[in-house]
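One-letter residues, chain by chain:
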Amino acid sequence: MPSSRPAVFLDRDGTLNVDRSYLTKPEQLQLLPNIGIALQQLRSAGFALVVVTNQSGIGRGWMTEVELQSVHDEMTQQLSQLGVFLDGVYHCPAAPLSTDPLVSDHPERKPAPGMLLRAAQELHLDLQRSWMIGDALRDIMAGQNAGCRGCIWVRTGQPLDEARRAVARPFHSADDLLAAARHILQHDLV
């Protein structure tokens with residue numbers, strides 16, 4: 001069995017690309033500034049790069065798996081033009097049953113840790129040495145629920161509901177993915 005390596009788990013919308021609220025077409029995908037530099041630095045330090053994204057638009061009937069794959073193909077192509085390659089892209093198509101985004105109503109829908117746990121098993125990742133980066137409290141909680149070493153909320157997407165911040169264990173905040181990557185590299189030697 002291959003040895004385990006650490007990963008940086010990445011939310012998609014609001015973390016890697018502009019959050020368009022139910023991005024359904026490849027031409028809507030626009031990467032945020034400095035994504036390539038940030039991901040190259042993490043990859044060079046030995047981290048696997050894994051996208052984990054809730055995609056309830058599928059469960060709501062607003063898009064199909066094929067349409068989502070075309071969006072992810074565009075993301076992969078844009079990242080490859082920046083010299084970045086992902087180790088995996090995981091998504092949960094389930095529509096939420098609750099109106100509370102912090103309720104785990106499906107084992108893979110963030111804030112549940114299912115996507116991270118599945119990626120760790122399939123890609124031989126060490127969760128205790130891994131990090132989660134996202135723009136929503138549910139991303140942070142998914143990383144914490146999976147047992148990640150650390151979680152970072154980035155200010156490039158949805159504003160954080162400060163009144164609900166206390167439901168998660170303490171986490172770091174960063175202006176963007178590049179600042180988050182620098183924090184990880186300053187606090188973690190792979």
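About the criteria used
- Residues numbered from 1 in each chain as written.
- Predicted model: local features only at pLDDT ≥ 70, side-chain atom pairs only at ≥ 80, totals over all residues.
- Heavy atoms only, no water.
- Axes fitted to C-alpha atoms, helices over the stretch in contact; angles between N-to-C directions.
- Helix = DSSP H or I, 4+ residues; strand = E, 2+ residues; numbered from the N terminus.
- Parallel < 35°, antiparallel > 145°, perpendicular 65-115°, else oblique.
- Left-handed = near helix turned anticlockwise from the far one by under 90°.
- Contact = heavy atoms within 4.5 Å.
- Nonpolar A, V, L, I, M, F, W, Y, C, P; charged D, E, K, R; others polar.
- Pairing = 2+ DSSP bridges.
- Buried < 20%, exposed > 50% of the residue type's maximum accessible area, 1.4 Å probe, protein only.
- Polar contact = N/O pair within 3.5 Å; in protein donor to acceptor, adjacent residues only side chain to side chain.

With reference to specific residues and values, describe the packing of helix α1 (residues 35-44) against helix α6 (residues 177-187).
The angle between the axes and the distance between the axes are what describe a pair of packed helices. Running from amino to carboxyl end, α1 crosses α6 at an angle of 20°, the nearest separation of the two axes being 8 Å. Classified by the angle their axes make, α1 and α6 are roughly parallel. Relative to α6, α1 is oriented so that their crossing is left-handed. Facing α1, whose interface residues are Ile35, Ile37, Ala38, Leu39, Gln41 and Leu42, α6 presents Leu177, Leu178, Ala181, Arg182, Ile184 and Leu185. Considered class by class, the residues forming the contact of α1 with α6 number 10 nonpolar, one polar and one charged.

Which residues make up the sheet that holds strand β2 (residues 48-54), and what values do they have?
Picture the strands of a sheet paired through backbone hydrogen bonds; they go either parallel or antiparallel. Read across the open sheet, the six strands follow the order β3-β2-β1-β4-β5-β6; overall the sheet is parallel. At either end of the open sheet lies a strand with only one pairing partner, and these are β3 (88-92) and β6 (172-174). Going across the sheet, the axis of each strand differs from the next one's by a mean of 25°, ignoring polarity. With three bridges connecting them, strand β5 (residues 150-154) and β6 associate as parallel partners. Within β6, the position partnered with Trp153 by the bridge is Ser173.

Got a sec to walk through the environment of Leu32? Specific residues and values, please.
Structurally, Leu32 is set in the loop between β1 (7-10) and α1. In sequence terms Leu32 and Asp19 are 13 residues apart; their C-alpha atoms lie 9.5 Å from each other. In contact with Leu32, not counting residues within four places along its chain, are Gly14, Thr15, Leu16, Asn17, Val18 and Thr156.

Please give an account of α6 that cites residues and values.
Within the span of α6, buried status applies to Leu177, Leu178, Ala180, Ala181, His183 and Ile184. Two to three positions downstream of the cap, the backbone nitrogen of Leu178 sits 3.3 Å from a side-chain oxygen, assigning the N-cap of α6 to Asp176.

So what's going on with the pairing of β3? Residues and values would help.
Side-chain direction in a regular strand flips from residue to residue, so the side chains alternate between the two faces of the sheet. Residues Gly88, Tyr90 and Cys92 point to one face of β3 and are all buried, whereas Val89 and His91, pointing to the other face, are not buried. The pairing of β2 with β3 spans five bridges and is classified as parallel. Residue Thr53 lies in a different strand from β3, and its bridge partner there is His91.

Now, about unusual backbone geometry: what can you tell me, with residues and values included?
Cis peptide bonds are those with omega within 30 degrees of zero, and the linkage from Lys110 to Pro111 qualifies with 25°. Here Pro111 shows up in the loop between β3 and α4 (114-123). The backbone phi angle of Ser21 is positive, close to 55°, even though this residue is not glycine. Secondary-structure assignment places Ser21 in the loop between β1 and α1. Positive phi values are uncommon outside glycine, yet Asn34 reaches one of about 65°. Considering the arrangement of structural elements, one finds Asn34 in the loop between β1 and α1.

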